[in-house]
Amino acid sequence: MTADILEAKAEPVEHEDTRDSRRLGFSLTLPAQLLILFIAVFPILMQIYISLTDWSPLDGISWWQAHQLWNGFANYTDLVADDRFWSALWRTVLVMAICVPAEFLLGLGLAILFVDNFPGRGFLYSVLLVPMMVVPAVAGYMFFMLFQSGGPVNDILSFFYGAPVTIAWLSDPDLAFFAVIASDIWQWTPLMFLILLAGMVGVPEDQLRAATLLGASWTTRFRTIVLPRMKTIIIIALAIRVIENFKVFDNFYIMTGGGPGVATETISIYIYKVTQQELIWGYVAAVALVILISLSVVSAFAIKRMSQSREAG
Amino acid sequence: MNRSMPFEIFRYAAILSLVALSLIPTLWMVSMAFKPIAEWSATGAELTWWPNSPTLDNFRFLFGESSSDLIVALDRTAGQPILSSLLSAVFGTIIAMMAGTSAAYGLSRFGSGGNLPLALIQLRIFPPMAVMIPVMIMWAFLGLIDTWYGLALVYGIVTMPFAFWLMKTFFDDMPREIEDAALVEGCSRLRVFWKITLPMMRPALASSALFVFILNWSDYLIALLLTTRDWVTIPVYMASLSSSMTGQLYGAKAALGLIAAIPPVVLGIAIQKHLVRGLTFGALKQ
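As the structure is a computational prediction, the values presented were derived from the model and not from experiment.

Draft legend 1. Representation of the overall build of chain B within the structure. Helices and strands together make up the secondary structure of chain B, namely 14 helices and 2 strands. Dimensions along the principal axes, computed over C-alpha positions, put chain B at roughly 75 × 70 × 35 Å. Relative to its 286 residues, chain B shows a buried fraction of 56%. Contacts in chain B between residues at least 24 apart in sequence constitute 72% of all its contacts with a sequence separation of at least 6. With an accessible surface of roughly 12000 Å², chain B has 66% of that area assigned to carbon and sulfur atoms.

Spelled out as structure tokens, the structure:
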């Protein structure tokens, strides 16, 4: 009886509170929602419209009048036949396929070396993190200097070779590709190291000690105790690098401008160049939309898979 | 895990060689920044790894003092680009933190926001290059091209996901008893947020803001597309330090690169503890 009264009394208060807090919650998230609307939703609608036209900023008509230059799906059919687009896309995937595993293995190796304490650990740890904090454009410029034909890389090679070496790294297609890859691995291995080490430190000591007492070798312990515990962290680290690597622009563009020819032209550099130099924005909009849609599908699928495996685990 | 002597030797050898590899590019730039023109333009056999006669000429040159060895003078000094980088990154950080923090609180306490978390991840996955055409058109229409506030607005939106996720994990970690106690005392929800939660979150807010600032300061592509002359940022301005007439002004570029590199490295080391949380969208705490 008393309980009923209490509940009856409590209910309207509770109700008012949730309505109030729902209103407050809504207004707290409103600015973020509006900003997203402003930079994602509205621009994408605009992009869909422009992508169906031949519009260019040099046509002298405003973008909303672009329907005068309507060309239906011509941009999309052009895209299918655009070799430069496909080669840029393939090159971006190739960059990911080289950089991400290399950064992962180097980062994992470093994390293993750093997992327990030794004199100087804290200092060396900080020093190793420096590359990822350097502004990527500046990192691109650093590597641009290093790989000059009269620069320090050739100087080191000359020292080992015994005679002056003057390799023109950035003007040979294959070597330029190697150079930009090197800059990416240099800059982002620390990120893998940082994340993997944080995951490795979280593995409980007592389990490892028990396994050691039972006579498990280091490799067995690593494979059966450490790695399974790090599964989620490894997936997160790889996902972050795959996403960021797909967008790569700054250091590549500063080192080579996408050249020589198109030897280091990734998808971002390709879009940038078509935007700036050829100025056919209707076409660029189509390219950008195709990429956005493919990425949305892939990422939605990946996020769903990840949250499913998290619920299962 | 293993404490045998050969392992220790191997460990130090491996670590020190990787540390050396990771330091060489940075040290080379530092060295170039302090070299006089005769040394930074040297190649091949004359190449020196460390400045023989260190000088601040490169920095003086950036700020408009023409040196006797270098006949060229800059038509624009590095002052304005540095100011532009600072203003856009600082105000971008303010926008991102205000929108991100309040949205994070809304989601963490009231579960509101609907698809916002997913939308913010998506925003992070999209290459900026693929949404910039409409943004460039909109910004031209609004008169925001080549202004620091136009740039700051884009920065604020682009880095908001980081502010949001970082602050959300901090709010989730915070014990609610204190807030509940204040609510029982009769404070309104908003007052509790403003007077109790936010002051308690000061360290978290500071490290999130620094993290977001580093991201904004590091941008190149967005500034390249949205600024043209008056408000170009440091990395965009850097390209103007080479021309067909003068060739590459290595020394000046290295000096400017050093100026650009110092703030994120110093701040990054200061917030080391929270880097993992920030970089993994709060999925992993150190």
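Alright, that's what it looks like, and here's the rest.
Draft legend 2. A look at the pattern of salt bridges. Enumeration over the complete set of coordinates arrives at 13 salt bridges over all chains. Across the pair R124(B) and E244(A) runs a salt bridge whose closest N-O atoms are separated by 3.6 Å. Taken as a pair, R124(B) in helix α5 (residues 116-125) and E244(A) in helix α10 (residues 231-246) lie in two separate chains rather than in one. Taking relative accessible area as the criterion, R124(B) reaches 15% and is therefore assigned buried. In this structure E244(A) comes out as partly exposed when scored by relative accessible area, which is 27%. Across the pair R109(B) and E179(B) runs a salt bridge whose closest N-O atoms are separated by 2.7 Å. Of the two residues, R109(B) sits in helix α4 (residues 79-110) while E179(B) sits in helix α8 (residues 177-184), which places them 70 residues apart along the sequence. Neither residue differs from the other here; R109(B) and E179(B) are each classed as buried. When salt bridges that share partners are traced, they join R84(A), E265(A) and K273(A) into one network.

Draft legend 3. How the structure looks around the interface of chain A and chain B. With 93 residues of chain A at the contact, the number on the chain B side is 91 residues. Counting each side, the surface lost to burial between chain A and chain B is near 8300 Å², with a carbon and sulfur contribution of 79%. Area buried by chain A at its contact with chain B is led by L28(A), I39(A) and M133(A), which between them contribute 8% of it. At the boundary of chain A with chain B, the tally comes to 2 salt bridges.

Draft legend 4. Seen up close, α5(B). Counting buried residues along α5(B), 7 of its 10 residues qualify, which places the element largely inside the surrounding structure. Listed as buried for α5(B) are L116(B), P117(B), L120(B), Q122(B), L123(B), R124(B) and I125(B).

Draft legend 5. Structural detail: the confidence of the model for chain A. All names here are of chain A. Looking at chain A, the pLDDT average stands at 84 and 93% of residues meet or exceed 70. No element of chain A has a lower mean pLDDT than helix α1 (residues 2-50), at 70, and none a higher one than helix α3 (residues 83-114), at 94. Every residue in residues 1-16 scores below 50 in pLDDT, and together they form 0 contacts with partners more than four places removed in sequence or on other chains.

Draft legend 6. Expanded view of the nonpolar core. Counting residues in each nonpolar core, the largest one holds 186 residues, and the members touching the most others are F114(A), F147(A), F193(A), L196(A), M200(A), Y270(A) and L275(B). Among the elements that take part in this core, helix α7 (residues 173-201) of chain A stands out by supplying 16 residues, more than any other. With residues near it in sequence (within four places) discarded, M200(A) still touches L108(A), A111(A), I112(A), V115(A), F222(A), V226(A) and M230(A). Counting 5 residues, the second largest nonpolar core, distinct from the first, contains A288(A), F126(B), A130(B) and V131(B).

Draft legend 7. Representation of the environment of W63(A) in the model. The residue W63(A) is located in the loop between α1 and α2 (74-80) in this model. Those residues in contact with W63(A) that lie beyond four places of it in its chain are M46(A), Y49(A), I50(A), W55(A) and I137(B).

Draft legend 8. Representation of a nonpolar patch on the surface within the structure. On the surface, F26(A), L30(A), L34(A), L37(A), V41(A), L45(A) and I48(A) cluster together into a nonpolar patch covering about 630 Å² of accessible area. Overall, the relative accessible area of 53% leaves L45(A) in the exposed class.

Draft legend 9. Region of the structure containing the side chain of T159(B). Residues and elements named next belong to chain B. Along the chain, T159 falls in helix α7 (residues 148-173). Owing to a relative accessible area of 4%, T159 belongs among the buried residues under this scheme. What T159 contacts, discounting residues up to four positions off in sequence, is A96, V212, L215 and N216.

The rules we used
- Residues numbered from 1 in each chain as written.
- Chains lettered and ligands numbered in written order.
- Predicted model: local features only at pLDDT ≥ 70, side-chain atom pairs only at ≥ 80, totals over all residues.
- Heavy atoms only, no water.
- Helix = DSSP H or I, 4+ residues; strand = E, 2+ residues; numbered from the N terminus.
- Buried < 20%, exposed > 50% of the residue type's maximum accessible area, 1.4 Å probe, protein only.
- Contact = heavy atoms within 4.5 Å.
- Areas by Shrake-Rupley, 256 points an atom, 1.4 Å probe, with all protein chains shown as cover.
- Salt bridge = Lys/Arg side-chain N within 4 Å of Asp/Glu carboxyl O.
- Buried area = accessible area lost by both parts, 1.4 Å probe.
- pLDDT = per-residue confidence, 0-100.
- Core = buried A, V, L, I, M, F, W, Y, C linked by side-chain atoms within 4.5 Å.
- Patch = residues over 30% accessible without salt bridge, like charges linked within 9 Å, V, L, I, M, F, W, Y side chains within 5 Å.

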